[in-house]
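Understanding the architecture of this molecule
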Amino acid sequence: MRIRATVAAVTGALALSALAVPAAQAAGGSSYGKEDIQKAAWAASGKTAYTGTTADAAEPYPLDLTFSSVKINNGKPIVAGTTNKVTVPVTYKVTHSADLDITAPDVFLDVDIYRGADYVNAANRLWGDDWPTCTVTSTTTATCKGTIDVLPSQELNNVDATTWKAGGYVYDFNDQLGREFEDIDWSKVGYAEQDNLATTKLQRYSKLTVNASPEPVKKGKTITVTGKLSRANWDDNKYHGYTGQPVKLQFRKKGSSTYTTVKTIKTNSTGNLKTTVKAAQDGYFRYSFAGTSTTPAVTTAGDFVDVK
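Residues numbered from 1 in each chain as written. Predicted model: local features only at pLDDT ≥ 70, side-chain atom pairs only at ≥ 80, totals over all residues. Heavy atoms only, no water.

1. Details of the pattern of salt bridges
Counted according to the given criterion, the structure contains four salt bridges. Of the charged contacts in the structure, one is a salt bridge between Asp129 and Lys85, with a shortest N-O distance of 2.5 Å. Taken as a pair, Asp129 in the loop between strand S6 (122-126) and strand S7 (133-136) and Lys85 in the loop between strand S3 (78-80) and strand S4 (86-96) lie far apart in primary sequence, 44 residues in all. Overall, Lys85 belongs to the partly exposed group, its relative accessible area being 45%. Linking Asp306 and Lys308 is a salt bridge whose minimum nitrogen-to-oxygen distance equals 3.0 Å. The exposed category is assigned to Lys308, whose relative accessible area is 62%. (Salt bridge = Lys/Arg side-chain N within 4 Å of Asp/Glu carboxyl O. Helix = DSSP H or I, 4+ residues; strand = E, 2+ residues; numbered from the N terminus. Buried < 20%, exposed > 50% of the residue type's maximum accessible area, 1.4 Å probe, protein only.)

Following this line, the structure appears as structure tokens:
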């Protein structure tokens, strides 16, 4: 289980020290977990000494690497319900000095997303379960593909339905993986991070229902169309009615492929919809919600009414 990310008020050296593992553990590959690397990166983000050339021996030195062309979920909002894990793609380009091998096993880089004023003071962060895959395109550039993995019930609250920013970081341990803490020379660990690379929206998954009755109905009689608009509540991991929202009632006559709007009504205090129309011809009724900044658009399938 992943725990909601918070940045501790510790130095980069302290955060990095928690990553040291015995050589035996690293013999079959890196024992540095992604979450551990990120915690170190977030703590290091609060340091300003990395921009200098005379950093303390317990502090990483600045790496020459930048992120660009960052795209989250192909430019679309990230929509999450209450339980199912949501995985979306992240793509970007990195440009670096020729002496930095980003494919080396002791180099870790990633782009994640955060909500808050800046990368240091983030209120929440989301990242991918796995490290990205980077394809070298020249001695100083590469294109990378990763993911953002969202576990709504563990990581989100309703306040998270807003605009998020992307940030990137890179660590180069310079052949020091697996050493005991006292053997690592932290002045030889390179680090860089970059803020505000792109934006994306997180939205609360929406549901909409429709029911037109009676079926069949005599021409000229009243048809009652009911429904409900609800959306994910990340505070209690349930769905609740979305109140006071305009929803269009639309109709498509039998044999046609085009819906036309009959009227627009608003959901009540529990998210329910109810309106009436006169039966005129065979066809399909549906409800359509245009969406808001926190909730995506949703449209029902058509409910057929046979008019006699």
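2. Here we look at the state of the cysteines
Scanning the entire structure with this criterion turns up one disulfide. Through a disulfide, Cys134 is tied to Cys144; the S-S separation comes to 2.0 Å. Residues Cys134 and Cys144 are joined by a disulfide whose S-S torsion is about 110°; by sign, that bridge is right-handed. Highlighted residues: Cys134 in strand S7 and Cys144 in strand S8 (residues 141-150), separated in sequence by 10 residues. Among the residues examined, Cys134 registers a relative accessible area of 22% and is labelled partly exposed. Accessibility expressed as a relative area gives 2% for Cys144, which makes it buried. (Disulfide = S-S within 2.5 Å.)

3. A look at the sheet that holds S8
The four strands are arranged S2-S4-S8-S7 in an open sheet whose pairing can be described as antiparallel. Each edge of the sheet is formed by a strand with only one pairing partner; in this case those strands are strand S2 (65-72) and S7. Along the sheet, successive strands turn relative to each other by an average axial angle of 20°, direction set aside. One ladder, built from 10 bridges, connects S4 with S8; its direction is antiparallel. Bridge pairing in S8 places Thr87 opposite Asp149. (Pairing = 2+ DSSP bridges. Axes fitted to C-alpha atoms, helices over the stretch in contact; angles between N-to-C directions.)

4. Section: the packing of aromatic side chains
Applying the stated criterion across every chain yields a total of 10 aromatic pairs. Aromatic side chains Tyr114 and Tyr119 sit 5.4 Å apart centroid to centroid with 65° between the ring planes, which places their arrangement in the edge-to-face category. There is no split in this pair, since Tyr114 and Tyr119 are both buried. An aromatic cluster is defined as three or more aromatic residues linked by ring pairs; in this entry it consists of Phe108, Trp131, Tyr171, Phe173 and Tyr191. When the ring centre of Tyr119 is taken as origin, the NZ or CZ atom of Arg125, which lies over that ring, is 4.8 Å away. Taking the ring centre of Tyr239 as reference, the NZ or CZ of Lys207 above it sits at 3.9 Å. (Phe/Tyr/Trp six-rings, centres within 6.5 Å; stacked < 30°, edge-to-face > 60°. Lys NZ or Arg CZ within 6 Å of the ring centre and 35° of its normal.)

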